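# Examination of the molecular architecture
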Amino acid sequence: MRGIIIYHSKYGAAKEYAQMLAAKTGFSLCALAGIKAAELAAYDRVVLCSGVYVGKIAGLKFLKRHADALRKKRTAVFAVGLSPADESTLETLKKNDRSGTLAQFPLFYGQGAWKGADLKAGDKLLCGMLHGMLAKKDPSQYEEPWMRTFMECYGRSCDFTDEAYLAPLLAWLERP
(Lines give C-alpha, C1' and ligand atoms only; values in the text may rest on other atoms or scores of the structure.)
Protein backbone atom coordinates (compact mmCIF):
# COMPACT_ATOMS: atom_id res chain seq x y z
CA MET A 1 0.00 0.00 0.00
CA ARG A 2 1.33 3.41 -1.01
CA GLY A 3 -0.10 6.45 0.65
CA ILE A 4 0.28 10.18 0.91
CA ILE A 5 -0.74 12.60 3.63
CA ILE A 6 -1.55 16.05 2.31
CA TYR A 7 -1.73 18.66 5.04
CA HIS A 8 -2.76 22.26 5.50
CA SER A 9 -1.80 23.80 8.81
CA LYS A 10 -2.02 27.45 9.72
CA TYR A 11 -0.62 27.21 13.25
CA GLY A 12 0.99 23.77 13.38
CA ALA A 13 -1.39 21.25 14.97
CA ALA A 14 -2.57 19.70 11.68
CA LYS A 15 1.04 19.44 10.51
CA GLU A 16 1.95 17.75 13.80
CA TYR A 17 -0.81 15.17 13.29
CA ALA A 18 0.27 14.69 9.66
CA GLN A 19 3.83 14.01 10.81
CA MET A 20 2.63 11.56 13.47
CA LEU A 21 0.51 9.78 10.86
CA ALA A 22 3.42 9.64 8.40
CA ALA A 23 5.66 8.13 11.09
CA LYS A 24 3.05 5.46 11.89
CA THR A 25 2.23 4.57 8.27
CA GLY A 26 5.37 5.30 6.27
CA PHE A 27 3.23 7.40 3.91
CA SER A 28 4.69 10.35 2.02
CA LEU A 29 4.00 13.78 3.45
CA CYS A 30 3.27 16.91 1.40
CA ALA A 31 1.90 20.36 2.14
CA LEU A 32 -1.34 21.07 0.28
CA ALA A 33 0.25 24.08 -1.40
CA GLY A 34 2.97 21.83 -2.86
CA ILE A 35 0.90 18.96 -4.27
CA LYS A 36 0.21 18.53 -7.97
CA ALA A 37 -2.87 16.54 -9.02
CA ALA A 38 -0.77 14.29 -11.29
CA GLU A 39 1.23 13.12 -8.25
CA LEU A 40 -1.86 11.45 -6.78
CA ALA A 41 -1.74 8.70 -9.41
CA ALA A 42 1.19 7.08 -7.59
CA TYR A 43 -0.85 6.45 -4.41
CA ASP A 44 -3.69 4.15 -3.44
CA ARG A 45 -4.28 5.83 -0.04
CA VAL A 46 -4.77 9.59 0.40
CA VAL A 47 -5.37 11.49 3.63
CA LEU A 48 -6.11 15.20 3.81
CA CYS A 49 -5.04 16.38 7.27
CA SER A 50 -6.21 19.93 7.76
CA GLY A 51 -7.18 22.53 10.29
CA VAL A 52 -10.68 23.75 11.03
CA TYR A 53 -11.08 27.50 10.69
CA VAL A 54 -14.35 29.27 11.47
CA GLY A 55 -16.11 25.91 11.52
CA LYS A 56 -14.90 24.74 8.12
CA ILE A 57 -12.15 22.34 7.13
CA ALA A 58 -9.45 23.97 5.02
CA GLY A 59 -8.50 22.11 1.85
CA LEU A 60 -11.89 20.70 0.94
CA LYS A 61 -11.74 22.60 -2.36
CA PHE A 62 -8.79 20.40 -3.32
CA LEU A 63 -10.83 17.26 -2.60
CA LYS A 64 -13.81 18.61 -4.51
CA ARG A 65 -11.66 19.56 -7.51
CA HIS A 66 -10.10 16.07 -7.65
CA ALA A 67 -13.05 14.04 -6.32
CA ASP A 68 -13.35 11.80 -9.38
CA ALA A 69 -9.76 10.58 -9.08
CA LEU A 70 -9.82 10.44 -5.27
CA ARG A 71 -13.00 8.35 -5.09
CA LYS A 72 -11.07 5.57 -6.87
CA LYS A 73 -8.57 5.56 -4.00
CA ARG A 74 -8.96 4.99 -0.28
CA THR A 75 -9.29 8.66 0.66
CA ALA A 76 -10.12 10.18 4.05
CA VAL A 77 -10.13 13.53 5.82
CA PHE A 78 -8.56 14.09 9.23
CA ALA A 79 -9.70 17.44 10.60
CA VAL A 80 -7.98 19.23 13.47
CA GLY A 81 -9.64 21.90 15.59
CA LEU A 82 -10.23 23.29 19.04
CA SER A 83 -13.59 21.55 19.57
CA PRO A 84 -13.66 18.38 21.63
CA ALA A 85 -13.25 15.19 19.62
CA ASP A 86 -16.78 13.83 19.73
CA GLU A 87 -19.67 12.92 17.46
CA SER A 88 -21.28 16.37 17.69
CA THR A 89 -18.10 17.99 16.34
CA LEU A 90 -18.08 15.59 13.37
CA GLU A 91 -21.76 16.31 12.69
CA THR A 92 -21.17 20.07 12.87
CA LEU A 93 -18.27 19.84 10.39
CA LYS A 94 -20.39 17.79 7.98
CA LYS A 95 -23.27 20.27 8.31
CA ASN A 96 -20.93 23.21 7.62
CA ASP A 97 -19.69 21.58 4.39
CA ARG A 98 -22.10 23.21 1.96
CA SER A 99 -20.21 21.76 -1.02
CA GLY A 100 -21.11 18.19 -0.04
CA THR A 101 -17.50 17.09 -0.36
CA LEU A 102 -17.42 15.39 3.05
CA ALA A 103 -20.31 13.12 2.06
CA GLN A 104 -17.90 11.40 -0.35
CA PHE A 105 -15.05 10.70 2.07
CA PRO A 106 -14.80 9.39 5.66
CA LEU A 107 -14.14 12.09 8.25
CA PHE A 108 -11.90 11.65 11.29
CA TYR A 109 -11.05 14.27 13.90
CA GLY A 110 -8.39 15.15 16.46
CA GLN A 111 -8.42 18.00 18.92
CA GLY A 112 -5.62 20.43 18.16
CA ALA A 113 -3.96 23.28 19.98
CA TRP A 114 -4.43 26.94 20.80
CA LYS A 115 -1.35 29.10 20.56
CA GLY A 116 -2.70 32.60 21.08
CA ALA A 117 0.74 34.18 21.10
CA ASP A 118 1.36 32.86 17.56
CA LEU A 119 -1.80 34.32 16.02
CA LYS A 120 -1.40 36.56 13.01
CA ALA A 121 -2.65 40.14 13.47
CA GLY A 122 -6.00 39.62 11.73
CA ASP A 123 -6.72 36.41 13.61
CA LYS A 124 -5.66 38.03 16.88
CA LEU A 125 -8.10 40.89 16.31
CA LEU A 126 -10.98 38.55 15.41
CA CYS A 127 -10.27 36.26 18.36
CA GLY A 128 -10.10 39.25 20.70
CA MET A 129 -13.52 40.39 19.53
CA LEU A 130 -14.88 36.86 19.85
CA HIS A 131 -13.48 36.58 23.37
CA GLY A 132 -15.13 39.86 24.32
CA MET A 133 -18.46 38.67 22.95
CA LEU A 134 -18.31 35.28 24.67
CA ALA A 135 -17.12 36.78 27.97
CA LYS A 136 -20.52 38.50 28.23
CA LYS A 137 -22.34 35.15 28.12
CA ASP A 138 -22.90 32.67 30.87
CA PRO A 139 -20.87 29.55 29.91
CA SER A 140 -24.06 27.47 30.10
CA GLN A 141 -25.33 29.52 27.15
CA TYR A 142 -22.49 28.64 24.75
CA GLU A 143 -24.01 27.22 21.56
CA GLU A 144 -20.94 25.36 20.28
CA PRO A 145 -18.51 23.01 22.09
CA TRP A 146 -15.44 24.92 20.89
CA MET A 147 -16.62 28.05 22.72
CA ARG A 148 -15.91 26.61 26.17
CA THR A 149 -12.46 25.39 25.09
CA PHE A 150 -11.70 28.74 23.45
CA MET A 151 -12.60 30.64 26.62
CA GLU A 152 -10.58 28.27 28.81
CA CYS A 153 -7.52 28.63 26.57
CA TYR A 154 -7.70 32.32 25.70
CA GLY A 155 -4.67 34.17 27.05
CA ARG A 156 -2.54 31.05 27.36
CA SER A 157 -1.38 28.10 25.26
CA CYS A 158 -3.29 24.83 25.26
CA ASP A 159 -2.18 21.72 23.41
CA PHE A 160 -4.65 18.85 23.08
CA THR A 161 -2.83 16.99 20.30
CA ASP A 162 -2.74 13.29 21.08
CA GLU A 163 -1.62 10.40 18.91
CA ALA A 164 -4.62 8.42 20.21
CA TYR A 165 -6.93 10.51 17.99
CA LEU A 166 -5.28 8.85 14.97
CA ALA A 167 -6.29 5.30 16.01
CA PRO A 168 -9.66 5.21 14.17
CA LEU A 169 -8.04 6.55 10.98
CA LEU A 170 -5.16 4.08 11.23
CA ALA A 171 -7.63 1.20 11.60
CA TRP A 172 -9.59 2.45 8.59
CA LEU A 173 -6.41 2.74 6.47
CA GLU A 174 -5.52 -0.89 7.23
CA ARG A 175 -8.78 -2.20 5.81
CA PRO A 176 -8.78 -3.25 2.14
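Computed from a predicted structure; not experimentally measured. (Residues numbered from 1 in each chain as written. Predicted model: local features only at pLDDT ≥ 70, side-chain atom pairs only at ≥ 80, totals over all residues. Heavy atoms only, no water.)

On to the layout of surface pockets. Empty space within the largest pocket amounts to approximately 970 Å³. In this structure, the largest pocket is lined by 35 residues; those nearest its centre are Val52, Tyr53, Val54, Gly55 and Leu82. Contributions of two or more residues to the lining of the largest pocket are made by α1 (13-25), β3 (45-53), β5 (74-81), α4 (87-96), β7 (113-115), α5 (121-135) and α6 (145-153). The biggest single contributor to the lining of the largest pocket is α4, with six residues. For the lining of the largest pocket, a count of residues per class yields 19 nonpolar, 11 polar and five charged. In this structure, the second largest pocket occupies an estimated 280 Å³ of space. Around the second largest pocket, the lining comprises 15 residues; the ones closest to its centre are Lys56, Ile57, Leu60, Lys61 and Asp97. Of all elements in the fold, only β4 (56-57), α2 (60-65) and α4 reach the threshold of two or more residues within the lining of the second largest pocket. When residues in the lining of the second largest pocket are grouped by element, the largest group, three residues, is from α2. (1 Å grid on protein atoms, 1.4 Å probe; cavity = no way out; pocket = protein on both sides within 12 Å on 5 of 7 lines; lining within 4 Å. Points joined across faces, edges and corners; volume = space filled by probe spheres on them. Helix = DSSP H or I, 4+ residues; strand = E, 2+ residues; numbered from the N terminus. Nonpolar A, V, L, I, M, F, W, Y, C, P; charged D, E, K, R; others polar.)

Following the criterion strictly, the structure yields one disulfide and no others. Of all cysteine sulfurs in the structure, the one in Cys30 sits closest to Cys49, which takes part in no disulfide; the separation is 13 Å. Take Cys49: its relative accessible area is 1%, and that puts it in the buried class. Distance from the sulfur of Cys127, which forms no disulfide, to the nearest cysteine sulfur (Cys153) is 12 Å. When its relative accessible area of 14% is taken as the criterion, Cys127 is described as buried. (Disulfide = S-S within 2.5 Å. Buried < 20%, exposed > 50% of the residue type's maximum accessible area, 1.4 Å probe, protein only.)

Attention now goes to the packing of α1 against helix α7 (residues 167-174). Contact geometry of α1 with α7 gives a least axis separation of 11 Å together with a crossing angle of 40°. With respect to their mutual orientation, α1 and α7 come out oblique. Here α1 and α7 pass one another in a crossing that is right-handed. In this structure, α1 contributes Leu21, Lys24 and Thr25 to the contact, and α7 contributes Leu169, Leu170 and Leu173. In the contact of α1 with α7, the residues fall into four nonpolar, one polar and one charged. (Axes fitted to C-alpha atoms, helices over the stretch in contact; angles between N-to-C directions. Parallel < 35°, antiparallel > 145°, perpendicular 65-115°, else oblique. Left-handed = near helix turned anticlockwise from the far one by under 90°. Contact = heavy atoms within 4.5 Å.)

Of all the six residues making up strand β1 (residues 3-8), five are buried; the element is thus mostly covered by neighbouring parts of the structure. Of the strand pairs in this sheet, β1 and strand β2 (residues 28-31) are connected by four bridges, and their pairing is parallel. When the bridges of β2 are listed, Ile4 appears paired with Ser28. Each parallel crossover has a hand, and for β1 linked through α1 to β2 it is right-handed. (Pairing = 2+ DSSP bridges. Right-handed = clockwise from strand over helix to strand, strands pointing away.)

One pass over the full model with this rule turns up six aromatic pairs. For the ring pair Tyr17 and Phe78, a centre distance of 5.1 Å and an interplane angle of 55° mean the geometry is tilted. Linking Tyr17 in helix α1 with Phe78 in strand β5, this pair joins segments that are 61 residues apart in sequence. Exposure class is identical for Tyr17 and Phe78. Each is buried. Geometrically, the ring pair formed by Trp114 and Phe150 is edge-to-face, given 5.2 Å between the ring centres and 80° between the ring planes. (Phe/Tyr/Trp six-rings, centres within 6.5 Å; stacked < 30°, edge-to-face > 60°.)

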